[in-house]
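Structural features, examined
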Amino acid sequence: MEFELLAHTADVGFRVRGATLPELFENAARALMSFTTGQAAPEVRRAVEVRGEDYPSLLVAWLNEVLYLFDSGELAPASFHIHTLDSTRLTATLEGSPRRGESWRLIVKAVTYHQIEVKEADGGWEAAVYLDV
Amino acid sequence: MSLAHRLEPIGDFRWRIPRDERLGMRTEVVIYASQAILDQVARDQSLQQAANVAALPGIAGPSLAMPDIHQGYGFPIGGVAAMDASHGVVSPGGVGFDINCGVRLVRCALRRQDIAGRIRELTEAVFRAVPCGTGGHGPIGLTASQLDEVLARGARWMVEQGYGHARDVEFSEARGALEGADPDAVSARAKERGRSQLGTLGSGNHFLEIQYVERVEDAPAARAFGLEEQQVVVLIHSGSRGLGHQVCTDFLQQMGSAMKKYGLSVPDRQLACVPVRSPEGQAYLGAMRAAANFAWANRQAITHSLRQTLERMFGRTIRAEVVYDVCHNIAKQETHLAGGTRRDVVVHRKGATRAFPPHHREIPADYREAGQPVFIPGSMGTASWVLAGQQGAMEETFGTACHGAGRLLSRTAAQKGKDYRQVLHDLEASGIYVRSETRAGILEEIPEAYKDVDEVVRVVHEAGLARRVARLRPLGVMKG
């Protein structure tokens, strides 16, 4: 999975790519989880449904959902599978385990709308996301 | 785009970007800076962000920028905006994700020489007593109803439960709790994220520093604050943890559709806002105040853990007392003179500190002659400052001064080419022991990543917003 870190004076961002929109969203979730330690065992499944007004706000909502599940201790996700995705709604299944030893390497407070971007690029999709840390 | 070429000097340490309707600005931008700081500010998007804030409906007075201004998301960090309380807007992004991020200074009945040779031991002991919270758990478990008490009554409730002294809240902004907090406006998710995090520090730029008073510049004010040269003090920088972050996330998500309802549009989505008087605006303010109270309770819980550690090591005569506690990410309803008339406004302080002048009624009686204490943390290798609010702040900045040194380098740039061991070695060579949960926690916060805190403080001092009282030097640093 490829993503690159983007510089920001106070915070941190990443640019991520995917051949399709679902792949882009899955890769973005993996990029977010790269700020945590280790991988959880895929013991349990968790279905999620997220809504937005357009692709950018849907991406922010999706990543904030993943962030919430990790931060609340409910789930340290090991894998992400997007089932359906249009500009206002996505459904997905996350596999992982309740958070035990996993921790943040750098605590991410939230996913922001700052300069959020979702666009077609090089025959695939690309997004830029900034995190408040 | 940088707006640096539009800056006009308006007297010492003040510059402005005139109102430009083509940019949607409803008012001008005023920035407090020296030439050296201005050169640094022009490098990122912070001036554009300050101009975006000037476009918000109902803004009273200019969009203000403190000398520690740097690029945020939506609002610049170091930004101040007062919105008319009856026809203006409230913006969760103008407060930020870390609601009531703030600093508390604790003074000890110890002199620097008393802890010489024990800095490492003390820092390690504090590190064990105050979790960073990267793993999610703090020392205090709360039931659902206890959490609602924390949200409603902040540090005051903590003190009643035995986590401190009555004096602690007397010497806190808002006496450790904002009125009008609405625990019911805080989502179940926010409560779930925050419940186990009370008493944790957090990571990023949050820290706990053992320091000493290096130099007193204003003897009467220092005396009032109970500070003298060579005295040991502890500076705690933390906020509302996951609870506050989730409150901001929740309301930003809701505000997209609410803005359409009220016919509002903004240049940057992160500036989402609604009318102060709307149900959505009132719900946000109720939830924000509850999160602010959680943050005061959090700094109270950290103070409690700190006191236990100090007493274990140095005995009960340590008398660790709160000098003051100020928040620097908040929106508060206050009455100010704006444009020659008294107006009720909601002052958004995003990385900016309230700095009320001498004789203001919201300052503890002991500090009335000195003015409200303002704490300006510098980077871990340099210095921090104790200031006192001045009349100029009331006249020009809605009673506000700066909040820190202000970042200069991104986290990625700060880490580039730096060796963790070398950084630690260099800091130790200058007498500073650092303990961090992660290597990144140190590398990203290296002194070079920040502006010169002395220069930032010089600007607010010379501009008459807050005057210098004492300079503090770190001895032991704990970081997330």
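Use the structure listed above.
Residues numbered from 1 in each chain as written. Chains lettered and ligands numbered in written order. Predicted model: local features only at pLDDT ≥ 70, side-chain atom pairs only at ≥ 80, totals over all residues. Heavy atoms only, no water.

**What about the pattern of salt bridges?**
Residue and element names in this part refer to chain A. Scanning all chains against the criterion turns up 51 salt bridges over all chains. Here R51 makes a salt bridge to E49, at a shortest N to O gap of 2.9 Å. On the accessibility criterion, R51 (52% relative accessible area) is exposed. (Salt bridge = Lys/Arg side-chain N within 4 Å of Asp/Glu carboxyl O. Buried < 20%, exposed > 50% of the residue type's maximum accessible area, 1.4 Å probe, protein only.)

**Here's the deal with helix α13 (residues 420-429) of chain B**
Residue and element names in this part refer to chain B. Looking only at α13, the buried set comprises Y420, V423, L424 and L427. On an axial view of α13, the arc spanned by its buried residues comes to 95°, and they lie on one face. Exposed side of α13, more than 90 degrees from the buried face: R421, H425 and A429 are the residues found there. Contacts made by the buried residues of α13 are with β18 (433-436) and α14 (439-443). A positive backbone phi angle near 85° is found at G431, which sits one or two residues after α13. (Helix = DSSP H or I, 4+ residues; strand = E, 2+ residues; numbered from the N terminus. Arc of directions from axis to C-beta. Contact = heavy atoms within 4.5 Å.)

**Remarks on the interface of chain B and chain A**
With 45 residues of chain B at the interface, the matching set in chain A holds 35 residues. Ranking the residues of chain B by area buried against chain A places R189, R193 and R269 of chain B at the top, with a combined share of 21%. Our enumeration of links across chain B and chain A arrives at five salt bridges. Between R269 of chain B and D54 of chain A there is a salt bridge, with the nearest N and O atoms lying 3.1 Å from each other. Put simply, chain B and chain A have nine residue pairs in polar contact (both at pLDDT 80 or more) between them. Elements with a contribution of two residues or more to the side of chain B that touches chain A: β4 (59-73), α7 (188-195), α9 (241-261) and α12 (411-415) of chain B. (Buried area = accessible area lost by both parts, 1.4 Å probe. Polar contact = N/O pair within 3.5 Å; in protein donor to acceptor, adjacent residues only side chain to side chain.)

**A closer look at helix α15 (residues 453-462) of chain B**
Residues and elements named next belong to chain B. The complete set of buried residues in α15 reads V453, E455, V456, V457, V459 and V460. The secondary structure elements touched by the buried residues of α15 are β3 (29-32), α1 (35-41), β4, β15 (373-376), β16 (384-389) and β19 (466-479). Of the residues that open α15, the one with a side-chain oxygen 3.0 Å from the backbone nitrogen of D454 is D452. The positive-phi residue at the C-terminal boundary of α15 is G464, with phi of around 80°.

**Structural notes on the environment of V234 of chain B**
Residue and element names in this part refer to chain B. As for its position among the elements, V234 is in strand β9 (residues 231-238). The class for V234 is buried, based on a relative accessible area of 1%. Remark: the alpha-carbon pair of V234 and G464, spanning 230 residues in sequence, is separated by 27 Å. Among residues more than four places away in sequence, those in contact with V234 are R104, L105, V106, C108, L208, E209, I210 and L306.

**Section: the sheet that holds β4 of chain B**
Residue and element names in this part refer to chain B. Taken in spatial order, the seven strands line up as β1-β2-β3-β4-β5-β13-β12 in an open sheet, and their pairing is mixed. In the strand order of this sheet, the two ends are held by β1 (8-9) and β12 (329-338), each with one partner. Note that strand β5 (residues 75-84) and strand β13 (residues 341-350) share six bridges and pair antiparallel. Note that in β13 the partner of D84 across the bridge is V345. Across the sheet, helix α2 (residues 46-53) is in contact with β2 (14-17), β3, β4 and β5; its angle to β4 comes to roughly 155°. (Pairing = 2+ DSSP bridges. Axes fitted to C-alpha atoms, helices over the stretch in contact; angles between N-to-C directions.)

**Notes on the sheet that holds strand β4 (residues 76-85) of chain A**
Residues and elements named next belong to chain A. The three strands are arranged β3-β5-β4 in an open sheet whose pairing can be described as antiparallel. Looking at which strands have only one partner, the edges of the open sheet turn out to be β3 (44-51) and β4. Across the sheet, the axes of successive neighbouring strands diverge by a mean angle of 25°, strand direction being ignored. Pairing of β3 with strand β5 (residues 89-97), which is carried by eight bridges, proceeds in the antiparallel orientation. Its bridge partner lying in β5, V50 is registered against L90. Its contacts with the sheet place helix α2 (residues 55-71) against β3, β4 and β5, and it is angled at close to 145° to β3.

**Focus: the nonpolar core**
Membership of the largest hydrophobic core comes to 106 residues, with the highest contact counts inside it found for F25, L59, W62, L63 and L131 of chain A together with V247 of chain B. Listed in part, the 61 residues of the second largest apolar core include L3, I69, V423 and V460 of chain B. (Core = buried A, V, L, I, M, F, W, Y, C linked by side-chain atoms within 4.5 Å.)

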